[in-house]
Amino acid sequence: MLCIKKLLIIICILIVLMSIGLALAEEKTSKAKGLRFDSNLTVEGFGIASSYRYMAPSELVLHSHSSGSGVFTSESKTYARNDKILEQDEGMPVSFTSNVSAGVQEITSNAYSPTKLDFPGSFRSEPISSLWSDSTVAGSDGIALKASFDHAQALNKEMTTKVSGGGTYEDIKSSASFVGSMKLNAVFNGTGQIGAYLGPLNGKDPDALVDEYYRGTFTISKKMEIGLESSLTQNEDEWLPCCSGGWNDMNYKDKESFPVDANRVFNCTCFSIPI
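Here the structure is a predicted model, which is why all the values come from computation and not from measurement.

**Let's talk about the pattern of salt bridges**
By the definition in use, this model includes six salt bridges. The salt bridge partner of glutamate 212 is lysine 222, with a shortest N-O separation of 2.7 Å. By relative accessible area, lysine 222 is classed as partly exposed at 21%. Put simply, Arg53, Glu106, Asp134 and Lys157 are held in one network by salt bridges that share partners.

**Observations regarding a nonpolar patch on the surface**
A cluster of nonpolar side chains, contributed by Ile48, Leu117 and Ile128, occupies part of the molecular surface with about 220 Å² of accessible area. For isoleucine 48, the position within the fold is in strand S1 (residues 28–55). Judged by its relative accessible area of 46%, isoleucine 48 falls in the partly exposed class.

**Section: the pairing of strand S5 (residues 143–170)**
Two faces, one strand: in a regular strand the side chains alternate between the faces of the sheet. As defined by bridge partners, strand S4 (residues 132–140) adjoins S5 across eight bridges and the pair is classed as antiparallel. Bridging across to S5, alanine 138 finds its partner in leucine 145. The hairpin formed by S4 and S5 contains two residues between the paired strands, and glycine 142 there has a positive phi angle of roughly 100 degrees. Pairing between S5 and strand S6 (residues 173–198): 25 bridges, direction antiparallel. The partner of leucine 155 across the bridge, within S6, is phenylalanine 188. Following S5, the chain reverses through two residues before pairing antiparallel with S6; aspartate 171 in that reversal takes a positive phi of roughly 60 degrees.

How each quantity is defined
Residues numbered from 1 in each chain as written. Predicted model: local features only at pLDDT ≥ 70, side-chain atom pairs only at ≥ 80, totals over all residues. Heavy atoms only, no water. Salt bridge = Lys/Arg side-chain N within 4 Å of Asp/Glu carboxyl O. Buried < 20%, exposed > 50% of the residue type's maximum accessible area, 1.4 Å probe, protein only. Patch = residues over 30% accessible without salt bridge, like charges linked within 9 Å, V, L, I, M, F, W, Y side chains within 5 Å. Areas by Shrake-Rupley, 256 points an atom, 1.4 Å probe, with all protein chains shown as cover. Helix = DSSP H or I, 4+ residues; strand = E, 2+ residues; numbered from the N terminus. Pairing = 2+ DSSP bridges.

What follows is the structure, encoded as structure tokens:
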């Protein structure tokens, strides 16, 4: 009988330990988030046209704008991706992974002409005259590629623009990467500017790696690619935990008034807030 009681006690202890293990395992969580955007567009007509794109998954930016009056034809494919995975243990981040990308593939043909709009009623206006402008910027914080055309009488353009990046964080290590590319074939009568720049995208005076300017009638074929990689390993002192959670859990005001005393820091008894 005594052996049976001991056996039952051991079984109960094992069940409790297994329950605790399952509970601890349940505290580890994984969260995934994903974004998908795809667009196909075909336009052909005569009049006033304006198109605008601004895709900014995470820290990436792909921005394009086109406008003018006259003949406008365009075929384009656009996509954006933003995938993130977050691993947590007891509510605290353990690791983080992100992969983001965006791209535009387009074929456009624009020819300038004044355009008269017929409004209903007695209102009349002069023809609207707007030379064509077309600009595309691809980059990340501190790095960018750009191709723009302005005051164009005519513009025929085939262009593929892509940006992609990724980031990871685990323990004390983190890394990030970015790649941007442009493939351009264009024939235009007007002004054109093509460049690669270092500095904020909205900065007034970024450092130019490439800066080309054209005015007149030109045929241009250009391929550009730019990339950036970074990594960080942060070495932290290991503080002994105590019932309060240790030095890392103390708020700023407590740390500010805490004396520089190793015994007070490493003493594994609950600290008392200095008065």
